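Spelled out from the first residue to the last, the chains are:
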Protein chains: 2
Amino acid sequence: MVEEVKEQGKSKVRTVFFVSDATAITAETLANSVLAQFHGLQYVRWRMPFINTIEKAKEAAMKINEVGKETGNRPIVFSTLVAGSLASTFNEYCNAFVIELFRSFVGPLERELGVPSDHSVGKSHEIGDQERYNKRIEAINYTLSHDDGQTNEGLKEAEVILVGVSRSGKTPTSLYLAMQYGIKAANYPLLPEDFDRGELPPALDNCRDRIFGLSIAPERLSQIRSERRPNSRYASLENCRYEVHEAQKMMENEGIKWLSSTSKSIEEISATILQELKINVSAEMGM
Amino acid sequence: MVEEVKEQGKSKVRTVFFVSDATAITAETLANSVLAQFHGLQYVRWRMPFINTIEKAKEAAMKINEVGKETGNRPIVFSTLVAGSLASTFNEYCNAFVIELFRSFVGPLERELGVPSDHSVGKSHEIGDQERYNKRIEAINYTLSHDDGQTNEGLKEAEVILVGVSRSGKTPTSLYLAMQYGIKAANYPLLPEDFDRGELPPALDNCRDRIFGLSIAPERLSQIRSERRPNSRYASLENCRYEVHEAQKMMENEGIKWLSSTSKSIEEISATILQELKINVSAEMGM
């Protein structure tokens, strides 16, 4: 780690730690969001999850101090330590720039909500409500078994049905919807035979309100398909142009909302779908 | 929405909004983590993503104010609005308890890092580095094609190989590792024939350092399997006891690290695996 830092040159590189009494996923998510606002800097990131005893809090602080000495740069710490004793021990021993994600908000929220927080450890990504957690796992299994039009059974259970040409991003998006939001998301490929018929796959007739389309720039599609089947007609730019054109035409005709996944992340696509289909679900699926 | 609030009774229910110029995933993640600290309250959660113009910022504020009036409770807003103009417009119009997740930290960080933040919109869940993003999609595809021991091809590419009896949580965990961390995670079922042989599947001989085991309480396993195949020998408590016992014995004998997934969330399992296998990856896979 230290080597890495030195190679990359002191000044521009900062070492960032995600310290948590649980998974550190919240700390990491927020930290990466904040750090994305700063340019011209490189970050070496280290996760320190499950810092759930005073001993571990001391150890973590010591390790971080070491890195500070070795790199000559003050480490940056994003901490979600909740328990007062852990946080105060950590802060007492740690010579770093520490940003406390929870403690900044919990106080004001206690006053606003009129109830004390329990300062308990590792709540946020535990299995909270078992039922909701099971729903999430169910959604993942449902999505896997309804990937790529595998089956028409139980399609009425689907909360989202993604359609689009092969390799337009349906599978990762479906899985993200299931994983993050506990949404049962099926996906259906749009195939040349559908274009010949000029209609959506018949299985989707009664699900219009839950269908959302993904399209993609033919150039990008050809690139993606070529990695799988180089020099195939399937991957040829000409064929990709044809399929994308036909798919978009069909979605327009059928009045299906769609977006282009070309330059969008799974998260952006998913958030847009939830918004367009007016699905309001909390991400807190026992995560 | 408002109905829902009233039904549940004013006092105990607070309406929470996640306001973002992008996906609102960061706001939602941190908000849920913080709110998990408070008990005896119910929350109605609403996501307001892509608030990326002054107009939309005003609209959002107005909608939130309405809910405040209708519910008689001051709404709680977790905002990741970055652009100063958006945030200040929103704050000017919004009569809610607003927690600004970024603005609280960006200032101090600017001073610490010695560079200004660009206050630009929607950075954190965009496709940042295209290469890293592709790596993540690749990981998802790899994990899907290496689920449940489908193939031994390319196993040396796997960064994590999960083993465990059928329905012990291998698939959701593998997918989470790929989705969240861009890790190529294969998974391999431990089957009765492996127990008879008393050894791991031969395909795994050269991957010991990347193997991690999942176990589960026989009672829970029997419950899960029964949903799929009620009254089957496969789901019977007796058989589940046998398989779990044999699997744990084998993992012990083979010196494979394992944990029980019974009461752990996918996130807790994944974070533990990364820690145990000493894999340090940033979650910022272009997310």
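Residues numbered from 1 in each chain as written. Chains lettered and ligands numbered in written order. Predicted model: local features only at pLDDT ≥ 70, side-chain atom pairs only at ≥ 80, totals over all residues. Heavy atoms only, no water.

Q: Looking at this model, I keep getting lost on unusual backbone geometry. Mind explaining?
A: With the exception of glycine, the majority of residues adopt a negative phi angle, and the majority of peptide bonds are in the trans configuration. Of note, the phi angle at D148 of chain A is positive, near 55 degrees, even though the residue is not glycine. By the element assignment, D148 of chain A lies in the loop between α6 (130–145) and β5 (160–164). (Helix = DSSP H or I, 4+ residues; strand = E, 2+ residues; numbered from the N terminus.)

Q: Would you take a moment to explain the packing of helix α2 (residues 25–35) of chain A against helix α7 (residues 170–181) of chain B for this structure?
A: In a packed pair of helices, the relevant descriptors are the angle between the two axes and the axis-to-axis distance. Remark: α2 of chain A packs on α7 of chain B, axes separated minimally by 13 Å, with the N-to-C direction vectors making an angle of 25 degrees. Classed by the angle they form, the pair α2 of chain A and α7 of chain B counts as roughly parallel. For the pair α2 of chain A and α7 of chain B, the sense of crossing is left-handed. The segment α2 of chain A lies against α7 of chain B, with I25, E28 and T29 of chain A engaging Y176, Q180 and Y181 of chain B. Looking at the contact of α2 of chain A with α7 of chain B residue by residue, the class counts come to 3 nonpolar, 2 polar and 1 charged. (Axes fitted to C-alpha atoms, helices over the stretch in contact; angles between N-to-C directions. Parallel < 35°, antiparallel > 145°, perpendicular 65-115°, else oblique. Left-handed = near helix turned anticlockwise from the far one by under 90°. Contact = heavy atoms within 4.5 Å. Nonpolar A, V, L, I, M, F, W, Y, C, P; charged D, E, K, R; others polar.)

Q: Before we go on, may I ask you to explain the packing of helix α7 (residues 170–181) of chain A against α7 of chain B in this structure?
A: Look at α7 of chain A against α7 of chain B: their axes get within 11 Å of each other, and the N-to-C directions meet at 110 degrees. Our classification of the angle between α7 of chain A and α7 of chain B gives roughly perpendicular. Regarding α7 of chain A and α7 of chain B, the two cross each other, and that crossing is left-handed. Of the residues in α7 of chain B, those touching α7 of chain A at P172, L175, Y176 and M179 of chain A are P172, L175, Y176 and M179 of chain B. Here the contact of α7 of chain A with α7 of chain B is composed, by residue class, of 8 nonpolar, no polar and no charged.

Q: Which parts of the structure should I look at to understand the pairing of β5 of chain A?
A: In regular strands, side chains alternate between the two faces of the sheet. Residue and element names in this part refer to chain A. For β5, a buried count of 5 out of 5 residues is recorded, marking the element as mostly surrounded by other parts of the structure. Here β5 shows two buried faces, one formed by V160, L162 and G164 and the other by I161 and V163. Pairing of β5 with strand β6 (residues 185–189), which is carried by 5 bridges, proceeds in the parallel orientation. Bridge pairing links L162 to N187 in β6. Regarding topology, α7 serves as the crossover connection from β5 to the parallel β6, and that connection is right-handed. The pairing of β5 with strand β7 (residues 211–215) spans 3 bridges and is classified as parallel. Of the residues in β7, the one forming a bridge with I161 is I211. (Buried < 20%, exposed > 50% of the residue type's maximum accessible area, 1.4 Å probe, protein only. Pairing = 2+ DSSP bridges. Right-handed = clockwise from strand over helix to strand, strands pointing away.)

Q: What's the story with the packing of aromatic side chains in this structure? I'm lost.
A: The relative placement of two aromatic rings is captured by the distance of their centres and the angle of their planes. If you walk through the whole model with that rule in mind, you get 5 aromatic pairs over all chains. Judged by centre distance (6.2 Å) and plane angle (90 degrees), the ring pair of F195 of chain A and Y242 of chain A falls under edge-to-face. Highlighted residues: F195 of chain A in helix α8 (residues 192–197) and Y242 of chain A in helix α10 (residues 237–253), separated in sequence by 47 residues. Seen in terms of ring centroids, Y176 of chain B and Y181 of chain B are 6.2 Å apart; in terms of plane orientation they differ by 80 degrees. Their pairing is edge-to-face. Taken as a pair, Y176 of chain B and Y181 of chain B share a single burial class, namely buried. Taking NZ or CZ as reference, R229 of chain A lies 4.2 Å from the ring centre of Y234 of chain A, over its face. (Phe/Tyr/Trp six-rings, centres within 6.5 Å; stacked < 30°, edge-to-face > 60°. Lys NZ or Arg CZ within 6 Å of the ring centre and 35° of its normal.)

Q: Looking at this model, I keep getting lost on the sheet that holds strand β4 (residues 97–100) of chain B. Mind explaining?
A: Pairing between the strands of a sheet is mediated by backbone hydrogen bonds and can be parallel or antiparallel. All names here are of chain B. Pairing within the open sheet is parallel, and its 4 strands lie in the order β2-β1-β3-β4. Strands with a single pairing partner mark the edges of an open sheet, and in this sheet they are β2 (42–48) and β4. Sheet twist, expressed as the average angle between the axes of neighbouring strands with direction ignored, equals 20 degrees. The sheet strands contacting helix α3 (residues 54–71) are β1 (13–19), β2 and β3 (76–79), and the helix crosses β1 at an angle near 175 degrees.

Q: I would appreciate a short explanation of the relation of the copies chain B and chain A in the present structure.
A: For these two chain copies, the linking operation is a rotation about an axis paired with a shift along it. In the superposition of chain B on chain A (RMSD 0.1 Å, axial shift 0.0 Å), the rotation amounts to 180 degrees. The relationship between the two copies is best expressed as a two-fold rotation axis. For chain B, the minimum C-alpha distance to the rotation axis belongs to L30 of chain B and amounts to 3.6 Å. Looking at the interface residues of chain B, 100% of them are also at the interface in chain A, so both copies use one shared face. (Least-squares fit on C-alpha atoms with pLDDT ≥ 70 in both.)

Q: Would you mind going over the pattern of salt bridges with me for this structure?
A: Inspection of the entire model under this criterion finds 28 salt bridges over all chains. Here E254 of chain B ties to R208 of chain B by a salt bridge, and the two come within 2.8 Å at their closest N and O atoms. Residue E254 of chain B is found in the loop between α10 (237–253) and β8 (258–260), and its partner R208 of chain B is found in the loop between α8 (192–197) and β7 (211–215); the two are separated by 46 residues along the sequence. Look at the salt bridges and you will find they share partners, linking R14 and R74 of chain A together with E112 of chain B into a network. (Salt bridge = Lys/Arg side-chain N within 4 Å of Asp/Glu carboxyl O.)

Q: Sorry if this is basic, but what is going on with the interface of chain B and chain A here?
A: In many reports, interface size means the accessible area that the parts give up when they come together. The interface of chain B with chain A comprises 86 residues on the first partner and 87 residues on the second. Sorting the residues of chain B by area buried against chain A places Q37, F105 and E112 of chain B first, and these three jointly supply 10% of that buried surface. At the junction of chain B with chain A, the criterion picks out 6 salt bridges. With its nearest N and O atoms 2.6 Å apart, the salt bridge here joins E267 of chain B to R136 of chain A. Joining chain B to chain A, the criterion identifies 12 residue pairs in polar contact (both at pLDDT 80 or more). No other element matches helix α2 (residues 25–35) of chain B, which puts 9 residues into the side of chain B that touches chain A. For the side of chain B that touches chain A, a count of residues per class yields 42 nonpolar, 25 polar and 19 charged. (Buried area = accessible area lost by both parts, 1.4 Å probe. Polar contact = N/O pair within 3.5 Å; in protein donor to acceptor, adjacent residues only side chain to side chain.)

Q: Got a minute to help me understand the domain arrangement of chain A in this structure?
A: Under the domain assignment, chain A is made up of domain 1 (2–125) and domain 2 (130–279). Taking only C-alpha atoms into account, the centre of domain 1 of chain A sits 38 Å from that of domain 2 of chain A. (Domains from an automatic or database assignment.)

Q: How should I be thinking about α10 of chain B in this particular structure?
A: Residues and elements named next belong to chain B. Taking 1.5 Å per residue as the helical rise, α10 with its 17 residues ought to reach 24 Å, and the 24 Å between its terminal C-alpha atoms agrees with that figure. The set of residues buried in α10 consists of N239, C240, E243, V244, E246, A247, M250 and M251. Looking straight down α10, one finds its buried side chains confined to an arc of 165 degrees; they lie on one side. Away from its buried face, by an angle of more than 90 degrees, α10 presents the exposed residues E238, E252 and N253. Of the residues trailing α10, G255 is marked for its positive phi of about 65 degrees. (Expected span 1.5 Å × (residues − 1). Arc of directions from axis to C-beta.)

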